[in-house]
Amino acid sequence: MNPDQVRLAYNTGAAAYVSAVPDPGVEAPIDRAMVDAFIAAVTAAGADPLVLDAGCGAGRMSRYLADRGCRVRGVDLSEGMVSYARRDHPDLDFAVGSLAALPYPDRRFAGVLLWYSAIHTPPAGQSRLFAEAARVLRPGGHLLIGFQAGEGVRDVSPVYLRLGYQVRLDRYCYSADQVAGFLASAGLREVSRLIRRPRDNERDDQAMVLARADDLTGR
Ligand SMILES: C[S@@+](CC[C@H](N)C(=O)[O-])C[C@H]1O[C@@H](n2cnc3c(N)ncnc32)[C@H](O)[C@@H]1O
């Protein structure tokens, strides 16, 4: 999807998103376990555990990371989502920006979280997005991505319509192997992955892939 359409959809539906998905309590416990593994990897390194919540939305995952020892920056395309993030988490630092041109210097972060934020980017845009994430990661840093696994495109506007919002929003499914390929092309090595079956009203399998930017300095 065109980023302008994604921005418009999330600006329009920001209030609906915040009330439907208020905190990480809506995540399956096993999904949160992958986030916890990511946090453990980032904070174990001993260096400053600065983490970028890339596509942070209204900041619910930023809060989760910050409460567990990470120093967090959040960035999102949608001003509407970022204004909720700033309202609800005034102690954290949020910016409006694109995953395709992250407003941060090279090698800034010990971790990058892409939690259901790469899902609106079509296949042709994925390599740019992973290259940006890899650029801002320090050697030895970790990336965790969460996404709906599978293939094809899903129209998610009916979900918003049920909540009273008229938006046009698609998301793209990728296989975990495809995502591991995107990561590898950006120079990130897969550490582990989780794929689980849909639960409740989910339509697709859910996948999380943890990857690492190799630290070549010790070799
Ligand atoms: C499904 S929401 C997830 C938000 C948050 N990660 C969470 O779990 O609550 C997807 C978010 O990604 C953002 N997003 C999508 N494509 C983006 C892009 N190219 N650059 C920056 N943000 C993007 C959207 O604006 C939206 O806030």
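How each quantity is defined
- Residues numbered from 1 in each chain as written.
- Predicted model: local features only at pLDDT ≥ 70, side-chain atom pairs only at ≥ 80, totals over all residues.
- Heavy atoms only, no water.
- Helix = DSSP H or I, 4+ residues; strand = E, 2+ residues; numbered from the N terminus.
- Rg over C-alpha atoms; globule rule 2.2 N^0.38 Å.
- Buried < 20%, exposed > 50% of the residue type's maximum accessible area, 1.4 Å probe, protein only.
- Contact = heavy atoms within 4.5 Å.
- Areas by Shrake-Rupley, 256 points an atom, 1.4 Å probe, with all protein chains shown as cover.
- Lys, Arg positive; Asp, Glu negative; His and termini not counted.
- Charge placed at Lys NZ, Arg CZ, Asp CG, Glu CD.
- UniProt positions renumbered as here; feature names shortened; annotations may be inferred.
- 1 Å grid on protein atoms, 1.4 Å probe; cavity = no way out; pocket = protein on both sides within 12 Å on 5 of 7 lines; lining within 4 Å.
- Points joined across faces, edges and corners; volume = space filled by probe spheres on them.
- Nonpolar A, V, L, I, M, F, W, Y, C, P; charged D, E, K, R; others polar.
- Pairing = 2+ DSSP bridges.
- Axes fitted to C-alpha atoms, helices over the stretch in contact; angles between N-to-C directions.
- Polar contact = N/O pair within 3.5 Å; in protein donor to acceptor, adjacent residues only side chain to side chain.

Engineer: Help me get a handle on the overall build of the protein chain, residues and values and all.
Structural biologist: Assigned secondary structure in the protein chain consists of seven helices and nine strands. In terms of C-alpha radius of gyration, the protein chain reaches 16 Å, essentially the compact-globule figure of 17 Å for 219 residues. Projected onto its principal axes, the C-alpha coordinates of the protein chain cover approximately 55 × 40 × 30 Å. Taking all 219 residues of the protein chain together, the buried fraction comes to 52%. For the protein chain, long-range pairs separated by at least 24 residues make up 69% of all intrachain contacts whose partners lie at least 6 apart in sequence. Roughly 9,800 Å² of accessible area belongs to the protein chain as shown, and the carbon and sulfur atoms make up 52% of that amount. Taken as two groups, the 26 positive and 26 negative side-chain charges of the protein chain have centres that lie 2 Å from each other.

Engineer: So what's going on with the UniProt feature "domain: Methyltransferase" (unreviewed entry) in the protein chain? Residues and values would help.
Structural biologist: The feature "domain: Methyltransferase" (unreviewed entry), as annotated in UniProt, sits at residues 51-141 in this numbering. Taken end to end, residues 51-141 comprises 34% helix and 29% strand; its first and last C-alpha atoms sit 9 Å apart.

Engineer: Describe empty space enclosed by the protein, and please don't skip the residues or the numbers.
Structural biologist: By rolling a water-sized probe across the atoms, one finds the places where empty space is left. The final tally for this structure, using the stated rule, is one cavity of 30 Å³ or more. Listing elements by their share of the lining of the largest cavity, those giving two or more residues are α5 (123-136), β5 (137-149) and α7 (176-185). The class makeup of the residues in the lining of the largest cavity is eight nonpolar, one polar and no charged.

Engineer: Go over the sheet that holds strand β9 (residues 205-213) with me, naming the residues and quoting the values.
Structural biologist: Sheet strands pair by backbone hydrogen bonding; their relative direction is either parallel or antiparallel. Taken in spatial order, the seven strands of this open sheet run β3-β2-β1-β4-β5-β9-β8, and their pairing is mixed. In this open sheet, the two edge strands, each paired with only one partner strand, are β3 (93-96) and β8 (188-196). Sheet twist, expressed as the average angle between the axes of neighbouring strands with direction ignored, equals 15 degrees. Across five bridges, strand β1 (residues 50-54) lies against strand β2 (residues 71-76) in parallel orientation. For A54, the partnering residue across the bridge sits in β2 and is V75. Seen against the sheet, helix α4 (residues 79-88) touches β2 and β3 and runs at an angle of roughly 170 degrees to β3. Running at roughly 145 degrees to β5, α5 makes contact with β1, β4 (109-115), β5 and β8 of the sheet.

Engineer: So what's going on with the side chain of S157? Which residues, and what values?
Structural biologist: Residue position: S157 is located in helix α6 (residues 157-162). Among the polar contacts made by the side chain of S157, one reaches the side chain of D155 at a distance of 2.3 Å. With residues up to four places along the chain from it excluded, the contact list for S157 reads V167, R168 and L169.

Engineer: Tell me about the pairing of strand β7 (residues 170-173), and please be specific about residues and values.
Structural biologist: Neither face of β7 is left uncovered, since the one carrying D170 and Y172 and the one carrying R171 and C173 both have all their residues buried. Sheet topology places strand β6 (residues 152-155) next to β7; four bridges connect them, and they run antiparallel. In the strand pairing of β7, G152 is matched with C173.

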